[in-house]
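# Coordinates in review
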Amino acid sequence: MFAKRVSIEQVEEGNDLAPKFDADGLIACVTTAAKTGEVLMLGYMNAEALQKTIETGEAHYYSRSRKVLWHKGATSGLVQKVVEMRIDDDQDAVWLRVAIPGDASCHVGYRSCFYRSVPTGAPADQIELTFEEKEKMFDPKAVYGDAPNPTIL
Ligand SMILES: [Zn+2]
């Protein structure tokens with residue numbers, strides 16, 4: 001489906017898409033908001049998710065917890081439209097710049113999955129997370145119902 005990796009020159013300087021999947025068959029994907037540059041999430045794609053993302057222009061990931069192809073936003077409507085897709089130098093990481101209706105991406109209700117900051121410069125067992133997003137963009141219960149996320153713990 002993708003080009004075979006034959007040389008460093010091909011991978012780093014060429015025009016072939018020759019992604020490197022890890023031992024689990026996955027490639028990391030960082031996703032940012034095209035409009036603001038804000039980091040929204042870090043996900044993983046298998047070959048099928050990468051192919052679907054390229055062919056549909058909508059972000060697809062592989063859910064490591066559920067072990068299924070994951071069309072982001074299929075349930076919530078918060079589909080990620082790919083504005084630009086990039087691959088890094090050694091082609092083992094993808095960067096998606098996306099547009100999302102309502103600008104919310106995180107299933108917890110926030111814009112970004114990275115809605116809390118971790119203070120530095122103090123003993124690591126004494127720090128408290130700081131909420132950088134003060135308000136949710138949507139109510140997850142209204143979108144997903146009352147069922148708790150079974151995959152998180
Ligand atoms: Zn999230």
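Residues numbered from 1 in each chain as written. Predicted model: local features only at pLDDT ≥ 70, side-chain atom pairs only at ≥ 80, totals over all residues. Heavy atoms only, no water.

### Topic: the UniProt feature "domain: Phosphoribosyl-AMP cyclohydrolase" (unreviewed entry) in the chain
Per the UniProt record, "domain: Phosphoribosyl-AMP cyclohydrolase" (unreviewed entry) is annotated on residues 41-115. As annotated, residues 41-115 comprises 13% helix and 36% strand, and the C-alpha atoms at either end are separated by 10 Å. (UniProt positions renumbered as here; feature names shortened; annotations may be inferred. Helix = DSSP H or I, 4+ residues; strand = E, 2+ residues; numbered from the N terminus.)

### As for the side chain of threonine 32
Here threonine 32 lies in strand 1 (residues 27-33). Judged by its relative accessible area of 7%, threonine 32 falls in the buried class. The contact partners of threonine 32, leaving out residues within four places of it in the chain, are Gly37, Glu38, Val39, Leu40, Trp95, Leu96, Arg97 and Val98. (Buried < 20%, exposed > 50% of the residue type's maximum accessible area, 1.4 Å probe, protein only. Contact = heavy atoms within 4.5 Å.)

### Brief notes about the environment of lysine 81
Mapped onto the elements, lysine 81 comes out in strand 5 (residues 81-87). Judged by relative accessible area, lysine 81 falls into the partly exposed class, the value being 45%. In the structure, lysine 81 is positioned 32 residues away from cysteine 113 in sequence and 17 Å away in space, judged by C-alpha atoms. Lysine 81 has contacts with Gly57, Glu58, Arg97, Val98 and Ala99, leaving out every residue within four places of it along the chain. There is a polar contact of 2.7 Å between the side chain of lysine 81 and the side chain of glutamate 58. (Polar contact = N/O pair within 3.5 Å; in protein donor to acceptor, adjacent residues only side chain to side chain.)

### Side note on unusual backbone geometry
Glycine aside, negative phi is the norm for most residues, and most peptide bonds take the trans geometry. Positive phi values are uncommon outside glycine, yet lysine 67 reaches one of about 60 degrees. Tracing the sequence through the fold places lysine 67 in the loop between strand 3 (60-63) and strand 4 (68-71). What makes lysine 67 exposed here is its relative accessible area of 62%. Notably, glutamine 91 is not glycine yet its phi reads approximately 60 degrees, a positive angle. Turning to its location among the elements, glutamine 91 is positioned in the loop between strand 5 and strand 6 (93-99).

### Considerations on the coordination of the zinc ion
Expected angles at a metal are 109.5 degrees for tetrahedral coordination by four donors and either 90 or 180 degrees for octahedral coordination by six donors. Protein coordination of the zinc ion is provided by Cys106 (SG) and Cys113 (SG), with donor distances spanning 2.2 to 2.3 Å. Overall, cysteine 106 belongs to the buried group, its relative accessible area being 2%. Overall, cysteine 113 belongs to the partly exposed group, its relative accessible area being 35%. (Donors = N, O, S within 2.8 Å, 3.2 Å for Na, K, Ca; no water.)

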